[in-house]
Amino acid sequence: MLTILRPRRLAVAVVATVGAMCVSVLPAAATRQSPPTRAAAHPATASTTTGATTPFEVYEAEAGTPTAGAVVRSLTSAPTTQYSSAALEASGHSYVHLDGTGQSVQWTNTTGRPISFLNVRAGIPDSASGGGTTATLNLYVDGVFRQALNLNSLQSWVYEGNGNYNTSDNQNPADGDPRVFWDESHTFVTGDPIPAGATFSLRKDSANSASSYDIDSVDVENPPAPKAQPAGSISITSCGAVADSTPTNGGADSQSVDSRAAIQNCIDQAEQQGRILWIPQGTFYVKGTAGLTAQGITIAGAGLWYSTVYRDVPVPNSTPLAALFDLTSCTVRDFHIDANAVSRSTIGGDGGAMDTTGTDWLAESIWTQHTMSGFWASGTGGTVRNSRLTSVWADGINVNNVSLGADTGNDLTVTNNFVRGTGDDAIAINSVNYNTNDDGSKTYYNPMTNVTVSDNTSIAPWGGKGVGIYGGSGHVVKDNYVGDTARYIGLGAGRFGVNGSDLLSATVTGNTVVRSGGNAYSQGQPALHIGNGGDGQNVGTVDKVTVTGNTVTDSLYDGIGFSTSTNTLLQDNTVNSPGRNGISISPPFYPAPTGSATITGNTVTGLDPGTSAFVDNSTGFTATLSDNHWPPPAPEGPYGGTPAAVPGTVQAEDYDTGGQGVAYNVTSVNGNANSYRADGVDLDNTADTGGGYDLGWTGAGQWFRYTVDVATAGTYTLGLRVAAPSAVAGALHLSDGSGTNLTGAVDLPATGDWQTWSTVTTRVTLPAGRQVLTLDQDTGGWNLNHLAFAASSDTPAADATTFSIPKSSAT
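Q: What exactly am I supposed to notice about the overall build of the protein here?
A: Scanning the protein from N- to C-terminus turns up 2 helices and 69 strands. Dimensions of the protein, computed from C-alpha atoms along their principal axes, come out at roughly 100 × 60 × 50 Å. Split into buried and exposed, the 811 residues of the protein put 59% on the buried side. A separation of at least 24 residues holds for 75% of the contacts in the protein among residues at least 6 apart in sequence. For the protein, the accessible area works out to roughly 27,200 Å², and carbon and sulfur atoms hold 49% of it. With 36 positive and 68 negative side-chain charges, the protein shows a separation of 6 Å between the mean positions of the two kinds.

Q: Sorry if this is basic, but what is going on with the state of the cysteines here?
A: In a disulfide, the sulfur atoms of two cysteines are held together by a covalent bond. Under the definition given, this model contains 1 disulfide. Each sulfur in the disulfide pair Cys239 and Cys266 lies 1.9 Å from the other. One disulfide, between Cys239 and Cys266, carries an S-S torsion of 95 degrees and so falls in the right-handed class. Note that Cys239 is positioned in the loop between β16 (234-235) and β17 (243-244) and Cys266 in helix α2 (residues 260-273), a separation of 27 residues in sequence. The burial state of Cys239 is the same as that of Cys266; both residues are buried. Of the cysteine sulfurs around Cys330, a residue in no disulfide, the closest is that of Cys266, at 15 Å. When its relative accessible area of 4% is taken as the criterion, Cys330 is described as buried.

Q: Hey, could you run me through the sheet that holds strand β27 (residues 375-377) in this one?
A: Spatially, β20-β23-β25-β27-β31-β35-β40-β43-β46-β49-β52-β55 is the arrangement adopted by the 12 strands of the open sheet, whose pairing is parallel. Pairing within the sheet leaves two strands with one partner each, and these edge strands are β20 (292-295) and β55 (614-616). Each neighbouring strand pair of the sheet contributes to a mean axis angle of 10 degrees, computed without reference to strand direction. With 4 bridges joining them, strand β23 (residues 325-328) and strand β25 (residues 354-357) adopt parallel strand pairing. Bridge pairing links Thr328 to Thr357 in β25.

Q: How should the sheet that holds strand β10 (residues 144-152) be read in this particular structure?
A: What links the strands of a sheet is backbone hydrogen bonding, and the strands pair in either a parallel or an antiparallel sense. Here we have 5 strands laid out as an open sheet, ordered β4-β7-β14-β9-β10, and antiparallel in their pairing. What marks the edges here is a single partner per strand, and that holds for β4 (65-67) and β10. Along the sheet, successive strands turn relative to each other by an average axial angle of 25 degrees, direction set aside. Bridge count for strand β7 (residues 104-108) against strand β14 (residues 199-203) is 5 bridges, and the pairing is antiparallel. Note that in β14 the partner of Trp107 across the bridge is Phe200.

Q: Before we go on, may I ask you to explain the nonpolar core in this structure?
A: In summary, soluble globular proteins display a tendency toward joint burial of nonpolar side chains. Grouped together as the largest cluster of nonpolar side chains are 76 residues, with contacts concentrated most on Ile299, Phe325, Phe335 and Phe562. In terms of residue count, α2 provides more of this core than any other element does, 5 residues in total. Counting residues in hydrophobic clusters, the runner-up holds 38 residues, among them Val646, Tyr706, Val710 and Leu732.

Q: Is there a simple way to think about the packing of aromatic side chains in this case?
A: Each pair of aromatic rings is reported with the distance of its centres and the angle of its planes. The final tally for this structure, using the stated rule, is 25 aromatic pairs. Chaining the aromatic ring pairs together yields one cluster made of Phe117, Phe188, Trp305, Tyr306 and Trp367. Positioned above the aromatic ring of Tyr285 is the side chain of Lys287, whose terminal nitrogen or guanidinium carbon lies 5.9 Å from the ring centre. Note that Arg388 overlies the ring of Trp367, its terminal NZ or CZ placed 5.0 Å from the centroid.

Q: Help me understand the pattern of salt bridges, please; the structure alone is not making it clear to me.
A: Note that side chains of opposite charge can pair when their charged atoms are close. Counted under the stated rule, the structure contains 19 salt bridges. As a salt-bridge pair, Arg203 and Asp205 come within 2.8 Å of each other at their nearest N and O atoms. Judged by relative accessible area, which is 28%, Arg203 ranks as partly exposed. A single network of salt bridges, built from pairs that share partners, joins Arg121, Glu184, Asp216, Asp219 and Arg420.

Q: Honestly, the pairing of strand β67 (residues 769-777) in this entry has me stumped. Any pointers?
A: A regular strand places its side chains so that they alternate between the two faces of the sheet. Across 8 bridges, strand β62 (residues 703-710) lies against β67 in antiparallel orientation. Residue Trp703 lies in a different strand from β67, and its bridge partner there is Asp776.

Q: It is not clear to me how α2 should be interpreted in this structure. Could you clarify?
A: Residues spaced three or four apart along an α-helix face the same direction, because each turn holds 3.6 residues. Between the first and last C-alpha of α2 there are 20 Å, a value that for 14 residues agrees with the 20 Å anticipated at 1.5 Å per step. For α2, the full list of buried residues reads Ala262, Ile263, Gln264, Cys266, Ile267 and Ala270. Tucked inside the fold, the buried residues of α2 contact β16, β18 (277-279), β19 (282-287) and β20. Following α2 by one or two positions, Gly274 adopts a phi angle in the positive range, close to 65 degrees.

Q: Would you mind showing me how to read the confidence of the model for the protein here?
A: Atomic detail in the predicted coordinates should be set aside for any region of low pLDDT. In the predicted model, the protein carries a mean pLDDT of 91, and the fraction of residues at 70 or more is 92%. Within the model, pLDDT remains below 50 along residues 1-47, and this stretch shows 148 contacts once partners closer than five positions in the same chain are excluded. Below a pLDDT of 50 lies the segment residues 795-811, which in the model reaches 37 contacts outside its immediate sequence neighbourhood of four places, other chains included.

Q: Honestly, unusual backbone geometry in this entry has me stumped. Any pointers?
A: Negative phi is the rule for most residues except glycine; trans is the rule for most peptide bonds. For the bond from Val315 to Pro316, the omega torsion is 5 degrees, close enough to zero to count as cis. Assignment of secondary structure puts Pro316 in the loop between β22 (307-312) and β23. Here Val646 and Pro647 are connected by a cis peptide whose omega angle stands at 5 degrees. Phi at His93 is positive, roughly 50 degrees, even though this residue is not glycine. Along the chain, the position of His93 falls in the loop between α1 (86-89) and β6 (94-98). Residues other than glycine seldom take positive phi values, yet Asp572 does so here, at roughly 60 degrees.

Q: In this structure, what is going on with the side chain of Asp350? I would like to understand it.
A: The topology assignment puts Asp350 in the loop between β24 (331-339) and β25. This buried residue, Asp350, is left without a salt bridge; Arg344 holds the nearest opposite charge, at 6.8 Å. Residues within four places of Asp350 in sequence aside, it is in contact with Leu321, Ala341, Ser343, Arg344, Ser345 and Met372.

Q: Even after reading the chapter, I still don't get the environment of Ala207, so can you show me in this structure?
A: With respect to the helices and strands, the residue Ala207 is situated in the loop between β14 and β15 (213-221). Judged by its relative accessible area of 59%, Ala207 is exposed. Distance from Ala207 to Asn152, taken between C-alpha atoms, is 15 Å for residues 55 residues apart in sequence.

Q: Looking at this model, I keep getting lost on the pairing of β23. Mind explaining?
A: The pairing of β20 with β23 spans 4 bridges and is classified as parallel. Each residue of the ladder has a partner; that of Thr293, found in β23, is Asp326.

Q: Could you clarify how one ought to interpret the environment of Val144 in this entry?
A: Along the chain, Val144 falls in strand β10. For Val144, a relative accessible area of 53% translates into the label exposed. Along the sequence, Val144 and Ser201 sit 57 residues apart, while their C-alpha atoms lie 9.5 Å from each other.

Q: What's the story with the environment of Ser318 in this structure? I'm lost.
A: Here Ser318 is to be found in the loop between β22 and β23. Considered as a pair, Ser318 and Cys266 are 52 residues apart in the sequence and their alpha carbons are 29 Å apart.

Conventions adopted
- Each chain has its residues counted from 1, following the order in which its sequence is written.
- For this predicted model, a pLDDT threshold of at least 70 governs which residues receive local features, and a threshold of 80 or more governs which side-chain atom pairs are given and counted, while totals over whole chains, interfaces and linings are taken from all residues.
- With hydrogens and water excluded, all non-hydrogen atoms of the structure serve as input to the side-chain values.
- Put simply, DSSP H or I for four residues or longer makes a helix, DSSP E for two residues or longer makes a strand, and each gets a number counted from the N terminus.
- Buried, partly exposed and exposed residues are distinguished by accessible area as a fraction of the type maximum, computed with a 1.4 Å probe on protein chains only: under 20%, between the cut-offs, and over 50%, respectively.
- We call two residues in contact whenever any of their non-hydrogen atoms come within 4.5 Å of each other.
- Reported accessibility uses the Shrake-Rupley method at a 1.4 Å probe radius. Residues are deemed covered only where the shown protein chains occlude them.
- Neither His nor the chain ends contribute to the count of charged residues, in which Lys and Arg are positive and Asp and Glu negative.
- Where a charge sits is defined by one atom per residue type, namely NZ (Lys), CZ (Arg), CG (Asp) or CD (Glu).
- For this text, the term disulfide refers to a pair of cysteine sulfurs within 2.5 Å.
- When DSSP finds two or more bridges between a pair of strands, those strands are recorded as paired.
- Angles run from 0 to 180 degrees between N-to-C directions of axes, and those axes are lines fitted to C-alpha atoms, restricted for helices to the stretch in contact.
- Put simply, buried Ala, Val, Leu, Ile, Met, Phe, Trp, Tyr and Cys residues joined by side-chain atoms within 4.5 Å make one nonpolar core.
- In this scheme Phe, Tyr and Trp rings, the latter by its six-membered ring, pair at centre separations within 6.5 Å, and the angle between planes marks the pair as stacked below 30 degrees, edge-to-face above 60, and tilted otherwise.
- A positively charged side chain is recorded as over a ring if its NZ (Lys) or CZ (Arg) lies within 6 Å of the ring centre. The angle to the ring normal must also be within 35 degrees.
- In what follows, salt bridge is the name for a side-chain nitrogen of Lys or Arg lying within 4 Å of a carboxyl oxygen of Asp or Glu.
- A helix's residues, less one, multiplied by 1.5 Å, set its expected span.
- Known as pLDDT, the predictor's confidence for each residue is given on a scale from 0 to 100.

Rendered as structure tokens:
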């Protein structure tokens, strides 16, 4: 099994701010960790029986020993913005930063065998004008210099500021809000392999020109010798293909030879003669915008460490690209695919690695990098196995029912693959119902059936899920390891978009989901999700999803979330140390107006204060609970434990604890202020004086309770700090514990905008002592920042509601 060892949480020594996310920075003396002992485990928080079995082991940088002032930088709290950071996109949400001469990170070879091949996941700064740089970083073995490793930032660093959110085309640093911090570079070790028990380190020396180096992880292995050419096969060199020995390092060799026509010629011969196509050692270039097409043959290489097909597209590019390989009913194995693409769109030279369809096709031991997608595959009876996909711009492995004009995707298998650093879903089952043609007509497809996704490792997708199930029936997703999603759900079962197929049955079992979820679009997404809103489209049917025996650990937000779905069985799962609630019906931005689930035998541990093992924020969702093992729900009580004082100001965001139906009632959950409190159901960042949060997304029938301590019985002037784009008649009223209306209907004037604030006053008469007041939302369309109670000697008139809008805040 794959080793990925890292501490769960590191003590904070110094705190730095990176993109509004809390990142800890630790000096070397505080961070020494035990090295990995065997390729048999994921992090200590995860099961040892999930994920891919690989020929390499992953040494996390934070599990090594930083030296000479190098520091570990780790994500220590969930993101409070929708943007990214190097820590958020790192595996383990943690890495080592080198910015001074002589700084390094060191490991000990505990594999029990020599290390002759390294794959380094690292990041170096962008150039001032964008487009990246190249630099070297030195490798030492037992303290002795061994070789300089080539690194680059040519295929990383895109920017989301200035209206570019969630795109990957903008390379202008002036726009700010960067993402895609990591890339991967591999090489054989020069000279003798690193022996078992030896130390090896990556060190910034004076000859290493980048101003800083961020080290996420290093994969170590001892590859077998290159495979020999199969008897009777056709080598692409016999058709004129020419190998290139110059390292690519993020870009093509300008002196390389275009071998596309030669390779296609050999493919045609292999098809005609029924022979294997052989790719020998070396890097073979396919230049321009055309790809390669094959049907019914085997394409084999000398091994994914030795044989490379490299796609070189002139960038910027204006010609839409097909995949490098269009394959029908083929077997491909044992080679590497790389490309010079700098984004996932046409202008950046995108294009998939392999588009596949047909029957009984096979892809195994393929290593794909820097293409738009790894495998985009349909048909019947196909398999992707034992492959690596690292630093891919979009989906890693997408099995579907539309690739290459097919209309089916049945009995497909995705097993024992390692996927890291994708710009969209690492692995997806993507059942499409229809696509709309240029003339407005629709082409319909057969729903996918019986897809198996098992024993895969999906780590650190920076733009998608670890595993996504989108529509169809009969799917089995089991024994996968999902870790460190940057923005989205770790593992989701639902439907994709308005044109996706309904999901009518699936089994999700034995998976491990670690440090997952995300804050894309400020949504606070759960680590594991069941329902139809996982892609932002709350449409369609999600039915009969069985979720059993999964482990969800250290989720950034809720552990398991439900949106609209029916007949779900959630059984015998474990949620450990969720960042927010353990299991949530209708978490923020995933409304669940209807649905049903049986929730039985589940365990939730390690809850933070103010969070709950189970919350149900949807009155229309029927959750049947039995034999679960978690702390009882917190009773209603004042937020923070102390009632608010009257006279005084009660902040709208400080409604009571106790959850849906006890402390509040909401018809949907929309809030994005979950960094303030775990439910944050309808809270938003306020632009009002003093900052903080306001209560928004108001709607008829919703209410929030506030426990207060009234110093003296009497009449109080109540100032409601409100914002309303338009006037709202009968917006709200305040009631006491017995339901008595204390204010009558309160009308709100137009302030002009959701964040333009004014004060509306009314009067309430309150007895002395502790009591619970309910703010009832009678008509929506307004926000509330706070309720200010001031002592008054006046007697309320029959019509107690008046408006007072100070000049300083009136519109």
